[in-house]
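Single-letter residue listing:
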Amino acid sequence: MSREGAVIPEITTVPPSPEHHLQRHRNLENRHQSSLSSSMLPAFGKVVSEDAAELKRFVVDPYDRRYRVWQTFLVVLVAYSSWSSPFELAFRRMSTSKLMYIDLVVDAFFLVDIILTFFVAYLDKQTYLLVDDHKKIAGRYITHLWFPMDVASTLPFQVIYRIFTGKMQHGLVFGILNLLRLWRLWRVSELFSRLEKDIRFSYFWTRLCKLLCVTLFAVHTTGCLYFCLAAYYTNAEETWIGSVVPEFQDANVWLAYTYSMYWAIVTLSTTGYGDLHAVNTGEKVFSILYMLFNIGLTAYIIGNMTTLVVHMSVQTYAMRDAIDNILHYARKKRLPEGLKEQMIAHVTLKSRTAELQQGVLEYLPKAIRAGIAQHLFCSIVENSYLFKGVSEDFIIQLVTEMKAEYYPPKVEIVINNEIPTDFYIIVSGSVEVLTKRNGTEQVLSSLESPSMFGEVGVIFNIPQPFTIRTKRLTQVIRATHNHLMQLVQLHAEDGTIIFSNFHEEKSLSQNEDKTSLRNFTEIDTFDVSPITVILHGHHPEAIGKEGDGGKLAHVPDSVEELLLLAEKKLGKKGHKIVMIDGSQVEDTGVLRDKDHLYII
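Residues numbered from 1 in each chain as written. Predicted model: local features only at pLDDT ≥ 70, side-chain atom pairs only at ≥ 80, totals over all residues. Heavy atoms only, no water.

Asks: Explain the overall build of the chain to me, using residue names and the numbers behind them.
Replies: When its secondary structure is counted, the chain shows 21 helices and 14 strands. Counting across all 600 residues of the chain, residues that qualify as buried make up 41%. For the chain, long-range pairs separated by at least 24 residues make up 71% of all intrachain contacts whose partners lie at least 6 apart in sequence. A total accessible area of about 34,200 Å² is found for the chain, and carbon and sulfur atoms account for 59% of it. (Helix = DSSP H or I, 4+ residues; strand = E, 2+ residues; numbered from the N terminus. Buried < 20%, exposed > 50% of the residue type's maximum accessible area, 1.4 Å probe, protein only. Contact = heavy atoms within 4.5 Å. Areas by Shrake-Rupley, 256 points an atom, 1.4 Å probe, with all protein chains shown as cover.)

Asks: Could you give an account of the sheet that holds strand S5 (residues 422-428), with specific residues and numbers?
Replies: As summarised here, the arrangement of the four strands in space is S3-S10-S5-S8, forming an open sheet in which the pairing is antiparallel. Of all the strands in the sheet, just strand S3 (403-407) and strand S8 (452-453) have a single pairing partner and so form its edges. Strand direction decides the pairing type here: S3 and strand S10 (residues 474-480), joined by five bridges, are antiparallel. The residue bridging lysine 403 from the neighbouring strand is arginine 478, located in S10. Across the sheet, helix H15 (residues 366-383) touches S3, S5 and S10, and the angle it forms with S5 is around 100 degrees. (Pairing = 2+ DSSP bridges. Axes fitted to C-alpha atoms, helices over the stretch in contact; angles between N-to-C directions.)

Asks: Would you mind going over the pattern of salt bridges in detail, with residue names and values included?
Replies: Oppositely charged side chains can pair when the atoms bearing their charge come close. Here the structure, examined in full by the defined rule, presents 14 salt bridges. The salt bridge involving arginine 478 is made with aspartate 422; its shortest N-O contact spans 3.3 Å. Here the residue arginine 478 occupies a position in strand S10, and aspartate 422 occupies one in strand S5, the gap between them amounting to 56 residues. Across the pair, exposure class does not vary: arginine 478 and aspartate 422 are buried alike. Across the salt bridge formed by arginine 469 and glutamate 441, the nearest N and O atoms sit 3.0 Å from each other. Of this pair, arginine 469 sits in strand S9 (residues 467-470) while glutamate 441 sits in strand S7 (residues 440-448), placing them 28 residues apart in sequence. On the accessibility criterion, arginine 469 (17% relative accessible area) is buried. Glutamate 441 sits in the partly exposed class, given a relative accessible area of 40%. (Salt bridge = Lys/Arg side-chain N within 4 Å of Asp/Glu carboxyl O.)

Asks: I'd like a description of the sheet that holds strand S14 (residues 596-599), backed by residues and values.
Replies: Read across the sheet, four strands follow the order S12-S11-S14-S13 without closing on themselves; strand pairing throughout is mixed. Unpaired on one side and paired on the other, strand S12 (551-554) and strand S13 (577-578) mark the two borders of the sheet. Where strand S11 (residues 532-536) and S14 come together, three bridges link them in parallel fashion. In the strand pairing of S14, histidine 536 is matched with tyrosine 598.

Asks: Describe the nonpolar core, listing the residues and the values that go with them.
Replies: Residues Phe87, Phe91, Phe227, Trp240, Ile241, Phe248 and Trp263 are the most contacted members of the largest nonpolar core, which totals 40 residues. Contributions of two or more residues to this core are made by helix H2 (65-90), helix H3 (98-117), helix H8 (186-196), helix H9 (203-231), helix H10 (253-268) and helix H11 (281-311). Beyond its immediate chain neighbours, meaning those up to four positions away, tryptophan 240 contacts Tyr226, Phe227, Ala230, Tyr259, Ser260, Trp263, Leu276, His277, Ala278, Val279 and Glu283. Core analysis: the next-biggest nonpolar cluster, separate from the first, contains 31 residues, Cys378, Ile459, Ile477 and Ala479 among them. (Core = buried A, V, L, I, M, F, W, Y, C linked by side-chain atoms within 4.5 Å.)

Asks: Please provide a residue-by-residue account of the side chain of lysine 340, values included.
Replies: Structurally, lysine 340 is set in helix H13 (residues 337-352). Accessibility expressed as a relative area gives 16% for lysine 340, which makes it buried. Apart from residues lying up to four places away in sequence, lysine 340 is in contact with Leu327 and Ala330.

Asks: Please provide a residue-by-residue account of unusual backbone geometry, values included.
Replies: Cis geometry marks the peptide bond from serine 449 to proline 450; its omega dihedral reads 5 degrees. Take proline 450: it is sitting in the loop between S7 and S8. The phi dihedral of lysine 410 falls on the positive side, at around 60 degrees, and the residue is not glycine. Residue position: lysine 410 is located in the loop between S3 and strand S4 (412-414).

Asks: Now, about the packing of H2 against H8: what can you tell me, with residues and values included?
Replies: Relative to each other, H2 and H8 sit at 125 degrees, their axes nearing to 9 Å. Considering the angle they form, H2 stands oblique to H8. Every pair of crossing elements has a handedness; the one defined by H2 and H8 is left-handed. Contacts from Arg68, Gln71, Thr72, Leu74, Val75 and Val78 in H2 reach Arg187, Val188, Leu191 and Arg194 in H8. (Parallel < 35°, antiparallel > 145°, perpendicular 65-115°, else oblique. Left-handed = near helix turned anticlockwise from the far one by under 90°.)

Asks: Lay out a nonpolar patch on the surface in plain terms, naming residues and giving numbers.
Replies: A cluster of nonpolar side chains, Val285, Ile288, Leu289, Met291, Leu292 and Ile295, forms an exposed patch at the surface whose accessible area comes to about 600 Å². Classification of leucine 289 as exposed rests on a relative accessible area of 54%. (Patch = residues over 30% accessible without salt bridge, like charges linked within 9 Å, V, L, I, M, F, W, Y side chains within 5 Å.)

Asks: How would you explain the packing of aromatic side chains if you had to name every residue and give the values?
Replies: In total, this model carries 28 aromatic pairs according to the counting rule given. Note on tryptophan 70 and phenylalanine 73: the rings are 6.1 Å apart at their centroids and 40 degrees apart in plane angle, and the pair reads as tilted. Placement of both tryptophan 70 and phenylalanine 73 in helix H2 is noted, with a separation of three residues, approximately one turn of the helix. For the pair tyrosine 424 and phenylalanine 453, a centre-to-centre distance of 5.0 Å together with 15 degrees between the ring planes defines the contact as stacked. (Phe/Tyr/Trp six-rings, centres within 6.5 Å; stacked < 30°, edge-to-face > 60°.)

Asks: Explain the environment of aspartate 422 to me, and be specific about the residues and the numbers.
Replies: For aspartate 422, a relative accessible area of 12% corresponds to the buried category. In contact with aspartate 422, other than residues within four places in its own chain, are Gly454, Val458, Gln464, Arg478, Ala479, Thr480 and His481. At a separation of 2.8 Å, a polar atom in the side chain of aspartate 422 contacts the side chain of threonine 421. At 3.3 Å, the side chain of aspartate 422 and the side chain of arginine 478 are in polar contact. (Polar contact = N/O pair within 3.5 Å; in protein donor to acceptor, adjacent residues only side chain to side chain.)

Asks: Could you give an account of the pairing of strand S6 (residues 430-437), with specific residues and numbers?
Replies: Counting buried residues in S6 gives six out of eight residues, a clear majority hidden from the surface. As judged from the eight bridges shared by S6 and S7, these two strands associate in the antiparallel manner. From the neighbouring strand, valine 431 faces S7, where its bridge partner is leucine 447. Taking the residues that link successive antiparallel strands as the turn, the S6-S7 hairpin has two residues, and the phi of asparagine 438 there is positive, at about 55 degrees.

Asks: Before we move on, can you summarise the environment of arginine 140 with the specific residues and values?
Replies: Tracing the chain through its elements places arginine 140 in helix H4 (residues 134-143). Its relative accessible area of 28% is what places arginine 140 among the partly exposed residues. Beyond its immediate chain neighbours, meaning those up to four positions away, arginine 140 contacts Tyr122 and Trp146.

Structure below.
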């Protein structure tokens, strides 16, 4: 659903070559595949057209590639802010040096981002659709904590103070206010969260890099705060660094920073050489708190490393392992690149939509699962042409066994001449109906919600006459051939309505499209296959005694005709027909495919 950005066409006098069109087509397919790695999926049952992805003018798509690049650039600036803010608090001289001008440039970029945020669409958590109304976007941003904190972390307090007073100050108050820039660290957390789900990056190394960043930030911040205690203490000689370097306030800044990092790392690693230690009460209290914090930090690091080494994030690892197997299989079998991309896209999409399908429902009671299926699928099934006018009981029994599925773009759902096991109803997205004539693939039509496909093969019990391929991300619900046939046998009147709807739709297709007429003419040469049963010439209680394997036969219209057929097949005359449970058959309409019948 990600909106493609507007592209300004290049002015050229040279017509594009066929290779140019082919490359452009491949790029579009790659965009479809890469869009599946986005964190946005439409809510199931929500019919979304292609035009719905188009946002209003002057509204930025948060999933647009260019906006993602801008956010990544801001993360680099956040890394600088997370280093400079504690550093300038501890080393006051640096707050009015060249770093101040760098801070102003960085703050300017974040000011631009604040303005840009008023034009960025957001994802509605209830409908999973992008909201592009300017008033709603602005209202949501201003009423949340983000806006005041973004402004507070961007204001250059020292420069503002200098403008109003004409004096440059670098006291403790301004250093503490500069720590508000650490609010921007949430961007780093979001970046790592996105990278952990991106199959282009190793999950192990991404997680390891995150742990390293957390450790370095903790060491840097703690070392700067510890030096700050010494820098603002009344008696410089009675501090942890003053006892070693008496003139530390006039010493080189980087020398003092080295001492601070040395103390922080030695304390974090619990080495404790003793050459740098707390002297006054404030430093001792800070050291105690830091060591208590180290207990939690160490547990966090060890716990995460254990998870990485032992489990490697079970669900993500399972998906990535499946992709690796696909790549290995594709290389070994020398599959074409397009087919390999389809396989990867299918596995990725299946993993991401598992919680939308059986992953959640399998733990629920059958009654609740049936209620969920009725809520999601009843209206969709009722609007499909094949089931218009059928009874409510038929619809409820049908949707109870239906399954929800997602399919990525350019994937074949039904293949020509395959066995008709299922039929499908489109919830959203679109598919192409394809056939082959004289060795050439032809597109017969395109189908969108609430159209169906696969029902031709299911109704006539013949190999599927068409190939069905998705054009874009498509949601479907699937029902099996056996389940539909069982319901038709139980609800004879509804079965008549279904066949009537089918023939009516076929007639409309014949009038509208000659190509469809030719294909339906081919289908008309097939008869609806009768039910096949297995006949036995003995009583059900005699199973195993006579070693009778049975004879296959098609069910005729009446019991009398079935007895005559059994006499021809088995060579003995019978007077009644019973089932395996001993119940007598009085009407052939109740028989199902592959039933065992015993002639007595």
